[in-house]
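Observations on chain architecture
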Amino acid sequence: MASYNWTQKSNLFMLSPDRSRIFDDNIRRKTRSVVAAIDFGTTYSGYAYSFPDLNKTDPFKIYANADWTDGSRMLTPKAPTVVLFDKARRFHSFGYNAETKYNDLAYEDEHKGWRYFRRFRTTIFQNNRLSPHTEIDDEQGQKMLALDVFAAAIQFLKDHLLTRLRDIRTYVLPTDIDWVLTVPAIWEDEAKKFMTIAANQAGIPGDQLTLVYEYEAAAVYCKGIKDLSKDGGQASESFGAGSKFMVIDLGDTADIIVHEVQHDGKLVALAAISGGPWGGILVDRQLEKFLIDLFGKDVIDKFSEDCKPDKLDMDRMVEVKKTTDKFIKGFKLYRELKNKDFDKSLLETDFSQTVSNTRDKLHVANTVFLDMFKESKEKVINHVEAQLKHTDLGNVKTIMMVGGFSESEIMQEAIKERFEDKGYEVIVPEQAGLAVVKGAVLYGYKPDSFCSGKMPFTYGFADYEPRKTRLVVAAIDFGTAYSGYAYSFLDEYKKDPFKIYANADWSDGTGLVTPKAPTIVLFDKAKRFHSFGYKAETKYNDLANGDEHKGWRYFKRFKMTLFQNNRLSLRTQIDDEQGQKMLALDVFAAAIQFLKDHLLARLKNRSNDFRPTDIDWVLTVPAIWEDAAKQFMIIAADQAGIPGDQLTLAYEPEAAAVFCKEIKVDLSTEGNQASELKSFSEGSKFMIIDLGGGTADITVHEVQNDRTLAALAAPSGGPWGGTLVDGQLDKFLIGLFGKDVIDKFSEDCKPDKLDMDRMVEIKKRQIDSSSDKVHIKLPNELFDLYRELNNKDFDKSLLETDFSQTVSKTRDRLHVANKIFLDMFKESKEKLINHVEAQLRRTDLRNVKTIMMVGGFSESEIMQEAIKERFKDKGYEVIVPEQAGLAVVKGAVIYGHNPDSICSRKMPFTYGISTAVPFEDNLHARVHRYVRADGKEMCEDIFKTFTVKGEKVVPRKTSAKHTFQSPAAGNTRVTVEVYKSVEDTPPMYTTDCKRVGELVLHTRSCQVDQKALINVKMMFGGTKVSVEAQEQGTMGMNKVEAEFDWLKN
C-alpha cells in the first residue's frame, strides 16, 4: 500500500511523499488524455477507459472491450486470466487464444515444455516470501518467475488497449494515459508492491500508475448509477447526499462494504470491508465433486489429462451456464463419453433418479445444480443479514450486486428473495461484472472519492471483557511437549477462585498418568484426524509394529515451528515423522479441537445443559513469540471451533503470575516447621520463571494495593526449555550406539522406542545431583540391532569407547555416571541462570527477592537445584509450587474471570513513525538524504518514537499524541506508517525497525492551497496498541483507527 515519510518543521511535523510511492495523492495530471483501468482477476481480467473531454459531460461514458471471444459463439466482457509461453519461455498468448492454443497442442501431444498458467493470482495472496524472485508452477509443474507471468498478462492487456485506442484516436501516445490497476483489499503490502513492479515491467511507469481497492472502485461506480435495467434502459436517479448503500462484490470471493454519500459527493465507509471465500469457486468445487462422484476420480483425472480440448469445451460451457441460466428445464452437461457401459452403470448409482444420458449429453435434475450454489448463497446471505443488524447500518435500504458471479440469476434471486420482502431494494446494474473496472476509471479521475474508511482488519485481539452470561471459563495450555486444560464455573469462582478443575487422568494405558497429555497428533492416510496424546502415540506405534504406519501422519513437538518463523503463513507446511507434509494450520487446529471437545464432553457429564456458547476460552502463548505466531494460534483456534468473540490470549508467565499471587506458599527458610503460610501481600515483588518443553519465559510483577499485578519488566526469555535436554540425550545415545543403530531402532522398533522415550521423560524430572549413577532400562531390541549392524556385542564394544569409564551394562540396563546426565542440562541451566542474573541486576528489580518456578520443566530436580544453588545464597527465596506444571493453565482460568488482574505492563518494544528532518552532514547518513521540491535538503526515515521499550503502560489510559502536516498543499490522501523496534535504545532510522502497519486518511477540510493538519494518537497498555489519525477542523468526524495487537507485536 501507499507509504509516506514524515517531515519535522519546528515543533510541527510535515508529511512528505516517499519517492517509491505506489499511490499518487496529488490532483490527477490534466495533460493526460486517457484514463484506463485494468481489472486483474483470478479467473477473468479486462480493461476499460474513458477520455477526459467526454468525462466532463458524462462520467459514465466509459468504454470496455466487449468482444473477448473463444473463436466460436462465446463472447464475454472479460477474458480468462490465462497466459501461455512457448518452450523458450517467450510469451505466446493470453485469454481464450492461450486456452485454445494450449489445448490444440495437447490434442497432438505437443504441449510438453510449453508453460500454461491459469488462476495464478492467488499465489501472491498471504505469501510472506514474495519477492521478484518468487517462482510459480504452471499446469505441468514447470516453474517460471511469477513476476514474468504477471507482467506478461498486464502487458497484453495494456497493448490490447493501446491498439484499440489508436483505432479511435490515432494521436494517443503511451505517455498520454493514466493507468489504474485494481487489487484486493485483503492483499498484503508485498503483494501490492509486487503488482506495481509487474506493471512497471509491462511498460507502465510508476508516475502513470495508481492502485485502487476493488471494493472501492465498485462503490464509486455504484454511487453514480443505481440501475441501468430500469425505465427502459435509462439510469434511475443516482444516490444523493445522505444515501447509504451496501455493495456486494461477488467474484471468486464475496466482498461486502457499506458507504454513505456526503454533501460533497464523496463516500464515507460505514463499516469495514468484510466477506469471505464464498464466490464462484465454491460452485466450481461442488461441480467438480459431482463429476468425480458420477464418473470416478480416475476417469475425471484421465479425461482432464488426455482429452484437454473436450475438457476445455466443457469448462467454458459450464462457466456460461453457471452465470446466465436458471436451470429450469435441467442442465445438459456435454461429455464425450467413450465408455459404452456408462449408461448401465448410471442405473446402479445414487444418481439413477436425478441423472440420465442421451448420446453425448447428460440430463441432470435442476435440484442437483441448485444445491451446488447452496453454500455460497447461505454464507453470503447470513453474512449480509448479520451486517445489516448493526445499529449503525439501520438506515441502509439499498443493496447493489456487482462482480461476475453477481450475474448468476440463482445468486440474484436468492438475495432478492431474502431481502426485498424486508424492504430492501436489490439492484444489479447492467454488466455487473464490469462495475469494478469502470469504477476504477472513475476513481482515476477522482482519487479523493473517499473521505474516510474503516480499517478492514484488527491487528490484534479484542480486549477481554468478562461476559456475565457465560457460565464457564476454560483455558488450554498448548505446550511443546505436553498440553492440557483447566476450567472453573462462574458461580464457584465467586466463592473460591481456586476451585479450578483440570483433567488429571491422562494415561498411556499401562499405568503412567500425567497431569497433561503429550502434544502429539495422528492423522490417517486420508489426512483425517485420528487421535491425540497417548492414544496417538500408542496407535501409531501399534501400526509401526505391524509395518502399517506408512502414509499415516504423526506429528510431535511441532509447536516450536512457530517460534521465530519469519516466513510463517496460513500455507506453511510442517513435516511429520516420515517427512510427509501437512498444513501447519490443520495440525494445530486438530490439537486444539481435540482438547476443546474433550473438555466439552467432560462438562456434559456434569450437565447436559452446557452449550459451546456458554464458555469463555483462554489460550496460552509464550511471551517471547512473534506476532505472526500469535495470530496463527487465533486462526487455528477459530478453525477448531472457538469463535474470536469467545477467545482471549494470555501470556504464559503472566497467567502463572496471576496464579502464584494467590497461592499460599511456605515463607519459612529455617528449620523443619513453616513459620507462616500465606499468599503474597501488597507491595510484594516476585519473578516468574516459566520453564516449558520449548521455551523459558520470565516476567516480574509487583502486587498492588487492590491485589492487581503491575509488571516491573517486559517479558523476556529464550528457547531454553526441556527440548534442549532431549537434544543432548539424543546426541549421547548416538555417540554410544552409533547413528545407524539409533536410526534403524527408531524406524523398525517404534513400540520399544516409545517405551524408552516415556521412561527417559520420567527420568529427566527425577534425576538429581546427589546420585552417583543413573540407571536406565533399555529395550533388548536396541542391543540386538547393535550386534546385527556391528557384528559384535555392545558389552565388549563399550569397553573400547570413550564411555568405558562412565557407562556400564547389566543385562538390559545401562548404568550411566550422573555427570553425563548433569551435563545434558548444562546449556539450559547456564542460559537461564545468566539471563535471570542479568534481569535481577537491573536497578528497578533490585528489591525483587522471590523467584517462583512454574511449568513442566520446572519439576526437574536438576533445574530446581541449579536455580536454588545460584540464588538462595544471594538472599533470594526460590519457590516451586505443588503441580508447577499446572500453574500456567490454572492461572489462565483466573485471568479469564478477571483480566483486570494485570493493571499495568511494560512495553516490550519501542513504537513510532517515520519522520524527516533537516539534513545535517555531521549527524545523518547520506543514504537517507533527499532534496525537497523547494530545494531544501532533508533526512528521511527518521524514527519518531511515541513510546519506548520498558515504559510502563496502563490499559485504556496510556497514550501519546503528535500533530503533523500533509506534505504539500492540496494533498487529499495522507498515510501514517507505524514501526516498532526491539532495541533497548531506539534506533535513529526506521530502516532498522520493523514495519507494523499503516493508516490512510482522506482529507476533507483543507483547501487546494492548504496543508492539512493531522493529529496522530497511539493508545497503549491493553491487549492491543491502537493508532488513530484525525484531521483537524472536522470536529472529529474525519478519522481512521487501527489496532495493532499487543501480544502480536
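This is a predicted model, so every value here is computed, not measured.

Calculation rules
- Residues numbered from 1 in each chain as written.
- Predicted model: local features only at pLDDT ≥ 70, side-chain atom pairs only at ≥ 80, totals over all residues.
- Heavy atoms only, no water.
- Buried < 20%, exposed > 50% of the residue type's maximum accessible area, 1.4 Å probe, protein only.
- Helix = DSSP H or I, 4+ residues; strand = E, 2+ residues; numbered from the N terminus.
- Pairing = 2+ DSSP bridges.
- Axes fitted to C-alpha atoms, helices over the stretch in contact; angles between N-to-C directions.
- Left-handed = near helix turned anticlockwise from the far one by under 90°.
- Contact = heavy atoms within 4.5 Å.
- Nonpolar A, V, L, I, M, F, W, Y, C, P; charged D, E, K, R; others polar.
- Salt bridge = Lys/Arg side-chain N within 4 Å of Asp/Glu carboxyl O.
- Core = buried A, V, L, I, M, F, W, Y, C linked by side-chain atoms within 4.5 Å.
- Patch = residues over 30% accessible without salt bridge, like charges linked within 9 Å, V, L, I, M, F, W, Y side chains within 5 Å.
- Areas by Shrake-Rupley, 256 points an atom, 1.4 Å probe, with all protein chains shown as cover.
- Lys, Arg positive; Asp, Glu negative; His and termini not counted.
- Charge placed at Lys NZ, Arg CZ, Asp CG, Glu CD.
- pLDDT = per-residue confidence, 0-100.
- Parallel < 35°, antiparallel > 145°, perpendicular 65-115°, else oblique.
- Phe/Tyr/Trp six-rings, centres within 6.5 Å; stacked < 30°, edge-to-face > 60°.
- Lys NZ or Arg CZ within 6 Å of the ring centre and 35° of its normal.

Here's the deal with helix H13 (residues 435-445)
For H13, the tally of buried residues reaches 11 of 11 residues, placing the bulk of the element in the interior. Here H13 has its buried residues at Ala435, Val436, Val437, Lys438, Gly439, Ala440, Val441, Leu442, Tyr443, Gly444 and Tyr445.

Things to note about the pairing of strand S17 (residues 254-261)
Of all eight residues in S17, eight are buried, a share of seventy percent or more. Bridge count for strand S16 (residues 244-250) against S17 is seven bridges, and the pairing is antiparallel. Across the sheet, residue Ile248 finds its bridge partner in S17, namely Ile256. In textbook terms, the turn of a hairpin is the stretch between consecutive antiparallel strands, and for S16 and S17 this stretch comprises three residues. Across seven bridges, the pairing between S17 and strand S18 (residues 267-276) is antiparallel. Within the sheet, the bridge partner assigned to His259 lies in S18 and is Ala269. Hairpin connection between S17 and S18: a loop of five residues separates the two successive antiparallel strands, and Gly265 in this loop has a positive phi of roughly 85°.

Structural notes on the packing of helix H25 (residues 826-840) against helix H26 (residues 861-871)
At their nearest, the axes of H25 and H26 sit 11 Å apart, and the two run at 35° to each other. The hand of the H25/H26 crossing is right-handed. Contact residues: H25 offers Ser828, Lys829, Leu832, Ile833, Val836, Glu837 and Leu840, while H26 offers Ile862, Met863, Ala866, Ile867, Arg870 and Phe871. Classifying every residue of the contact of H25 with H26 by side-chain character gives nine nonpolar, one polar and three charged.

Focus on the pattern of salt bridges
Under the defined criterion, the tally for this structure stands at 32 salt bridges. Between Asp39 and Lys78 there is a salt bridge whose closest N-O contact spans 3.1 Å. In this pair, Asp39 is assigned in strand S3 (residues 34-39) and Lys78 in the loop between strand S7 (75-76) and strand S8 (79-80), connecting sequence segments 39 residues apart. The salt bridge involving Lys809 is made with Asp795; its shortest N-O contact spans 3.4 Å. With Lys809 in strand S44 (residues 807-810) and Asp795 in helix H23 (residues 794-798), this residue pair connects regions lying 14 residues apart in the sequence. Here Asp795 falls in the partly exposed class, since its relative accessible area comes to 35%. The structure contains a network of salt bridges with shared partners spanning Glu385, Arg418 and Lys422.

Notes on the environment of Asp941
By the secondary structure assignment, Asp941 is in strand S51 (residues 937-947). Residue classification places Asp941 among the buried positions, given a relative accessible area of 15%. Separated by 49 residues in the primary sequence, Asp941 and Thr990 have C-alpha atoms spaced 5.3 Å apart.

Concerning the sheet that holds strand S11 (residues 115-118)
Taken in spatial order, the three strands make up an open sheet running S10-S9-S11, and their pairing is antiparallel. In this open sheet, the two edge strands, each paired with only one partner strand, are strand S10 (91-94) and S11. Put simply, the sheet's adjacent strands are angled 15° from each other on average, direction ignored. Two strands pair when backbone bridges link them, and strand S9 (residues 82-85) and S10 are joined in this way by three bridges, in the antiparallel orientation. The residue bridging Phe85 from the neighbouring strand is Phe91, located in S10. Of the strands in this sheet, S9, S10 and S11 are in contact with helix H2 (residues 96-107), which crosses S10 at around 115°.

Some points on the sheet that holds strand S32 (residues 529-532)
Within the open sheet, the three strands sit side by side as S32-S31-S33. Their pairing is antiparallel. Edge positions in the sheet fall to S32 and strand S33 (553-556), since each has one partner strand and no second. Here the strands of the sheet are splayed against their neighbours by 15° on average, with no regard to which way each runs. One ladder, built from four bridges, connects strand S31 (residues 520-523) with S33; its direction is antiparallel. For Leu522, the partnering residue across the bridge sits in S33 and is Tyr554. Most of the contacts of helix H15 (residues 534-545) go to S32, to which it runs at about 115°, and overall it touches S31, S32 and S33. Against the sheet, helix H16 (residues 584-606) makes contact with S31, S32 and S33, and its axis sits at roughly 105° relative to S31, the strand it touches most.

Some details on the side chain of Gln387
When you line up the elements, Gln387 lands in helix H11 (residues 374-388). Sequence-distant contacts of Gln387, that is, excluding residues within four places in its chain, are made with Met246, Ala271, Ala272, Ser274 and Leu393.

Overview of the nonpolar core
Membership of the largest hydrophobic core comes to 83 residues, with the highest contact counts inside it found for Phe120, Phe150, Ile154, Leu181 and Met195. Residue contributions to this core peak at 13 residues, all from helix H3 (residues 146-168). In this structure, Phe120 is in contact with Phe40, Thr81, Val83, Ile136, Val149, Phe150 and Ala153, ignoring residues within four places of it in sequence.

What about a negative patch on the surface?
Judged by side-chain charge, Asp104, Glu108, Asp109, Glu110 and Glu305 come together as a negatively charged surface patch. Following the sequence through the fold, Glu305 ends up in helix H7 (residues 297-306).

Thoughts on unusual backbone geometry
In this structure, Arg557 is a non-glycine residue whose phi angle is positive, near 45°. Topologically, Arg557 is positioned in the loop between S33 and strand S34 (573-575). We classify Arg557 as partly exposed; its relative accessible area is 29%. One non-glycine residue, Asn791, lies in the positive phi region at around 60°.

Looking at the environment of Asp586
Mapped onto the fold, Asp586 is located in helix H16. According to the relative accessible area criterion, Asp586 is partly exposed, its value standing at 28%. Each C-alpha atom of the pair Asp586 and Ala640 lies 8.9 Å from the other, and the pair is 54 residues apart in sequence. In contact with Asp586, not counting residues within four places along its chain, are Phe523 and Gln639.

A look at the confidence of the model for the protein chain
For the protein chain, per-residue confidence averages 79 on the pLDDT scale, and residues scoring 70 or more make up 80% of the total. Here residues 666-677 is modelled with pLDDT under 50, and outside its nearest four sequence neighbours on either side it reaches 15 contacts, counting other chains as well. Across residues 1034-1049, confidence stays below pLDDT 50; counting only partners more than four residues off in sequence or on other chains, it has 85 contacts.

Some thoughts on the packing of helix H6 (residues 280-295) against H7
Viewed as axis vectors pointing N to C, H6 and H7 meet at an angle of 115°, and their least axial separation amounts to 6 Å. It follows from the interaxial angle that H6 and H7 lie roughly perpendicular. Mapping the contact onto sequence places Leu291, Ile292 and Phe295 in H6 and Lys297, Asp298, Val299 and Ile300 in H7. For the contact of H6 with H7, the residue count by class is five nonpolar, no polar and two charged.

Regarding the packing of aromatic side chains
Tallied over the entire structure, the rule returns 45 aromatic pairs. When the ring of Phe680 is compared with that of Phe686, the centres are 4.6 Å apart and the planes differ by 5°; the resulting orientation is stacked. We note that Phe680, like Phe686, is buried. The rings of Tyr47, Tyr49, Phe51, Tyr63, Trp68, Phe85, Phe91, Phe94, Phe117 and Phe156 are connected pair by pair, giving a single aromatic cluster. Sitting above the plane of the Phe909 ring, Lys980 keeps its charged end 4.2 Å from the centroid.

Brief notes about the pairing of strand S37 (residues 647-651)
Taken across its five residues, S37 has five buried, putting it largely inside the fold. The side-chain alternation of S37 yields two buried faces, one formed by Leu647, Leu649 and Tyr651 and the other by Thr648 and Ala650. Pairing of strand S36 (residues 615-621) with S37 involves five bridges; the strand directions are parallel. Counted as the bridge partner of Val618 is Thr648 from S37.

Quick notes on helix H18 (residues 652-662)
A large share of H18 lies buried, amounting to 10 of its 11 residues. All of the buried residues along H18 are Glu652, Pro653, Glu654, Ala655, Ala656, Ala657, Val658, Phe659, Cys660 and Lys661.

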